[in-house]
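Each chain is listed here by its residues.
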Amino acid sequence: MTELLSVQNLKTSFMTREGEVESVRGVSFDIQQGEVVGIVGESGSGKSITAKSLLGLIQPPGVIKEGKVLFHGQDLRQMTEPQLRAIRGNQIAMIFQDPMTSLNPVIRVGAQMIEVLRRHQKLDKAGARQRAIEMLREVGIPSPEQRIDQYPHEFSGGMRQRVMIAMALSCKPELLIADEPTTALDVTIQAQILNLMKQLRDATNTSILLITHDLGVVAQVCTRVIVMYGGMIMEEGTVEDIFERPSHPYTQGLLRSIPRVKEGQRERLVSIEGTPPNLLHPPTGCPFMERCPHAMDKCREMPPYFVPEEGHRSLCWLLSSDMQQQKREQEGDEQ
Amino acid sequence: MSTKNEVLLDVRNLKKYFPTGSSGFGREKKVLKAVDDISFHIHKGETFGLVGESGCGKSTTGRSIVRLHEVTDGEVWFDGVNVAQMNEKGLKPFRKRMQTIFQDPYSSLNPSMNVAQLIREPMEIHGFGSKKDQHDRVLELLEKVGLKPEHVDRYPHEFSGGQRQRISIARALSVNPEFILCDEPISALDVSVQAQVVNMLEDLQGEFGLTYLFIAHDLSMVRHISNRIGVMYLGKLVEIAPSDELYTHPAHPYTQALLSAIPIPDPKAAALDTGMLKGDLPSPMAEMNGCKFSSRCPFATEQCRQEQPEMKEISPGHFVACHL
């Protein structure tokens with residue numbers, strides 16, 4: 001496997017009247033070819049801003065302050081706007097949460113797709129139209145020959161998201177960034193869209209970066225998971241690591257707050273009390289400290305990443321060798 | 001519990017149609033049958049969940065019951081009185097007993113009122129005690145919903161989504177209602193905050209003996225909170241059953257499809273099963289003779305397309321509208 005994308009120490013802030021809001025505070029991760037990586041987190045955790053920063057889609061007052069975004073080893077942040085534009089939509093495509101606002105309402109769906117194809121794939125008009133129809137068929141839109149000449153409002157929410165996916169994939173990108181692609185859709189439609197993304201991944205070996213708040217979606221489609229909180233990565237690991245052996249108290253709390261569907265049991269939900277930190281004045285220590293049931297004095301100091309097993313890292317002092325030693329001793333006493 | 005068997009709300013053949021403009025010269029008025037002849041009841045102290053995809057009529061049902069909509073036809077018996085066709089004056093005492101919590105905590109609270117005013121407003125409308133009593137009650141309610149007394153003179157924009165929903169709940173509780181319509185109260189909230197609000201709703205139900213109609217599209221949360229659940233599809237109730245029964249033995253093909261589409265937060269669980277359901281919801285404007293689900297149902301027969309199925313009881317308390 002080769003590294004397709006490598007993000008290093010990314011920091012993005014918003015300069016507001018009240019001061020600097022540090023939305024993304026030093027995020028680093030890699031994406032390999034053909035991988036589906038999920039970023040999960042609650043609103044305000046910095047997951048969407050991270051995704052937008054990758055393609056330089058941050059609007060003022062937002063600023064990318066630091067960091068590298070290496071795509072095939074080249075830093076996207078050093079590129080000029082025309083260079084970036086050649087990559088955006090071509091090698092890296094992005095789909096957004098709201099398919100209603102990401103399509104131009106006064107331009108026919110086909111024309112929007114053809115524009116993308118002609119710009120990036122250098123196809124002629126007829127060829128681009130043919131390809132657009134093929135793409136629509138591939139994402140499961142019935143009678144694409146007619147549909148291509150309709151306007152976005154004539155499509156349902158699920159269909160519009162299909163159009164967005166068709167458009168995003170029409171140039172065979174190497175990386176697809178999907179920012180909450182199914183959040184606005186009903187479950188049955190969501191299931192169809194997720195399956196579609198998986199099929200396309202299998203067929204084209206496109207890497208996917210999926211941003212979502214739905215842990216169910218992550219478990220179903222991702223191979224690796226990044227858990228964000230307070231603008232930082234709290235934990236990263238394979239889906240099995242995260243769902244079966246979550247090591248960060250935040251991940252554990254998040255998993256416990258989903259109702260478990262088991263017969264005959266109606267357990268009280270375990271909620272995480274309190275609210276996320278204000279990133280206008282982010283805490284200098286662990287961002288989860290205030291809500292953490294295991295918080296201790298040491299947490300005022302920012303923990304480093306600990307690696308409980310290969311490919312699995314966690315930003316928590318509980319995993320330091322001292323604490324692990326203590327835990328083992330305690331367990332030993334109990335037995 | 002004896003109270004469990006007492007019916008608080010009995011909805012019979014409820015219909016809500018919306019006229020949707022005329023097609024050509026005003027001769028043929030089209031109607032949208034948002035809620036088309038549904039019946040169910042809710043016991044005292046019970047939580048009844050209503051689920052379905054967007055556009056199925058679940059919110060319209062809720063709003064018709066608390067009379068935020070005029071009812072086209074049918075009866076809504078609340079504690080032995082039919083409120084479906086009642087005028088506004090007659091309704092006022094019932095408005096106090098039936099309260100609503102809405103989905104969007106950002107638009108359902110007046111941004112120019114502070115917390116004390118927001119919570120006090122229902123009490124003022126319904127003439128609840130003196131100014132002093134009202135103020136004491138505001139403080140008491142704030143504590144109940146986990147907010148602090150110093151929050152009273154803050155405005156909605158100073159609160160997070162979860163906190164706003166707590167204010168909405170305090171506001172609904174201020175007039176001692178018996179029935180609360182929860183219209184997607186947690187859909188706009190983050191997972192960890194959803195759990196806080198659901199736990200609180202459960203605690204309050206225990207404390208005040210409240211009856212809930214809980215409308216949502218998040219099926220796992222509905223199962224958690226509801227005693228019984230009704231599944232809606234295009235204005236029709238297709239299945240009603242006790243929660244666990246519905247999830248373990250879904251009888252209607254639509255319920256089965258809906259349940260199989262929930263992403264399970266466990267990577268070992270079987271992959272999403274979408275073999276069953278293809279395509280989108282048909283337009284609710286389209287006239288259909290038979291079962292409304294027949295166009296998407298993998299088991300549909302000629303009978304399904306011709307004849308509307310009736311609700312049948314297949315096991316105690318489990319009703320299904322399906323020919324199969």
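Use the structure listed above.
Residues numbered from 1 in each chain as written. Chains lettered and ligands numbered in written order. Predicted model: local features only at pLDDT ≥ 70, side-chain atom pairs only at ≥ 80, totals over all residues. Heavy atoms only, no water.

Caption draft 1: Representation of the overall build of chain A within the structure. Counting its regular elements, chain A contains 12 helices and 12 strands. Its C-alpha atoms put chain A at 75 × 55 × 40 Å along the principal axes. Here the contacts in chain A between residues at least 6 apart in sequence split such that 63% fall between residues at least 24 apart. Accessible area for chain A stands at about 15300 Å²; split by element, carbon and sulfur atoms hold 49% of it. The averaged location of the 42 negative side-chain charges in chain A is 7 Å from the averaged location of its 37 positive side-chain charges. (Helix = DSSP H or I, 4+ residues; strand = E, 2+ residues; numbered from the N terminus. Contact = heavy atoms within 4.5 Å. Areas by Shrake-Rupley, 256 points an atom, 1.4 Å probe, with all protein chains shown as cover. Lys, Arg positive; Asp, Glu negative; His and termini not counted. Charge placed at Lys NZ, Arg CZ, Asp CG, Glu CD.)

Caption draft 2: Spatial organisation of helix 9 (residues 253-260) of chain B. Taking burial as the measure, the eight residues of helix 9 of chain B include six buried ones, the bulk of the element. Each element contacted by the buried residues of helix 9 of chain B is listed here: helix 8 (187-204) of chain A together with helix 7 (219-225), strand 9 (228-233), strand 10 (236-242) and helix 8 (243-248) of chain B. (Buried < 20%, exposed > 50% of the residue type's maximum accessible area, 1.4 Å probe, protein only.)

Caption draft 3: View of the interface of chain B and chain A. In this complex, chain B contributes 41 residues to the contact, which on the side of chain A involves 45 residues. Buried area between chain B and chain A, summed over both chains or domains, comes out near 3600 Å², and the portion from carbon and sulfur atoms is 53%. Taken together, the links from chain B to chain A amount to zero salt bridges. The greatest single-element share of the side of chain B that touches chain A, amounting to eight residues, is contributed by helix 6 (residues 191-208) of chain B. (Buried area = accessible area lost by both parts, 1.4 Å probe. Salt bridge = Lys/Arg side-chain N within 4 Å of Asp/Glu carboxyl O.)

Caption draft 4: Here's a closer look at helix 7 (residues 157-169) of chain A. Residue and element names in this part refer to chain A. Here helix 7 spans 18 Å end to end across 13 residues, near enough to the 18 Å set by a 1.5 Å rise per residue. The buried fraction of helix 7 is high, at 12 of 13 residues. Among all positions of helix 7, only Gly-158, Met-159, Arg-160, Gln-161, Arg-162, Val-163, Met-164, Ile-165, Ala-166, Met-167, Ala-168 and Leu-169 are buried. (Expected span 1.5 Å × (residues − 1).)

Caption draft 5: A look at a negative patch on the surface. Residues and elements named next belong to chain B. Where like charges cluster on the molecular surface, the negative patch consists of Asp-37, Asp-73, Glu-307 and Glu-310. Considering the arrangement of structural elements, one finds Glu-310 in the loop between helix 10 (302-306) and strand 11 (311-315). For Glu-310, a relative accessible area of 61% corresponds to the exposed category. (Patch = residues over 30% accessible without salt bridge, like charges linked within 9 Å, V, L, I, M, F, W, Y side chains within 5 Å.)

Caption draft 6: Seen up close, the nonpolar core. Among the nonpolar cores identified, the biggest contains 63 residues, and Ile-119, Ile-167, Ile-169, Leu-201, Phe-214 and Leu-219 of chain B are the most heavily contacted of them. The greatest single-element share of this core, amounting to seven residues, is contributed by helix 6 of chain B. Those residues within four positions of Ile-169 of chain B in sequence are excluded, and the remaining contacts are Ile-101, Val-145, Val-197, Met-200, Leu-201 and Leu-204 of chain B. Ranked by size, the runner-up nonpolar core spans 61 residues in total, among them Leu-117, Ala-128, Phe-155 and Leu-196 of chain A. (Core = buried A, V, L, I, M, F, W, Y, C linked by side-chain atoms within 4.5 Å.)

Caption draft 7: Region of interest: unusual backbone geometry. Residue and element names in this part refer to chain A. The omega torsion of the bond from Pro-60 to Pro-61 falls at 10°, within 30 degrees of zero and hence cis. Note that Pro-61 resides in the loop between helix 1 (47-54) and strand 4 (62-71). One non-glycine residue, His-72, lies in positive phi territory at about 55°. With a relative accessible area of 42%, His-72 lands in the partly exposed category. One non-glycine residue, Asn-205, lies in positive phi territory at about 60°. Structurally, Asn-205 can be placed in the loop between helix 8 and strand 8 (207-212).

Caption draft 8: Molecular detail of the environment of Leu-139 of chain B. Residues and elements named next belong to chain B. Relative to the assigned elements, Leu-139 resides in helix 4 (residues 131-144). On the accessibility criterion, Leu-139 (32% relative accessible area) is partly exposed. When the C-alpha positions of Leu-139 and Ala-170 are compared, they lie 9.9 Å apart, and in sequence the two are 31 residues distant. Each residue touching Leu-139, except ones within four places of it in the same chain, is listed here: Pro-149 and Val-152.

Caption draft 9: Examining the pattern of salt bridges more closely. Scanning the model with the defined rule gives 32 salt bridges over all chains in all. Between Arg-97 of chain B and Asp-79 of chain B there is a salt bridge whose closest N-O contact spans 2.6 Å. Within this pair, whereas Arg-97 of chain B is found in helix 2 (residues 88-97), its partner Asp-79 of chain B is found in the loop between strand 4 (73-78) and strand 5 (81-82), the two being separated by 18 residues in sequence. Of the charged contacts, one joins Glu-207 of chain B and Lys-144 of chain B as a salt bridge, the two residues approaching to 3.2 Å between their closest N and O atoms. Of this pair, Glu-207 of chain B sits in helix 6 while Lys-144 of chain B sits in helix 4, and the two are 63 residues apart along the sequence. Overlapping salt bridges bring together Glu-35, Arg-224, Glu-236 and Arg-313 of chain A as one network.

Caption draft 10: Focus on the state of the cysteines. Under the criterion given, the structure shown has zero disulfides over all chains. Free of any disulfide, Cys-292 of chain A has its nearest neighbouring cysteine sulfur in Cys-316 of chain A, separated by 6.1 Å. Cys-292 of chain A sits in the buried class, given a relative accessible area of 16%. Cys-291 of chain B provides the cysteine sulfur closest to Cys-56 of chain B, a residue in no disulfide bond, and the two sulfurs are 14 Å apart. Looking at Cys-56 of chain B, the relative accessible area reads 2%, which means it is buried. (Disulfide = S-S within 2.5 Å.)

Such coordinate-based values are descriptive only and should not be taken to indicate function.
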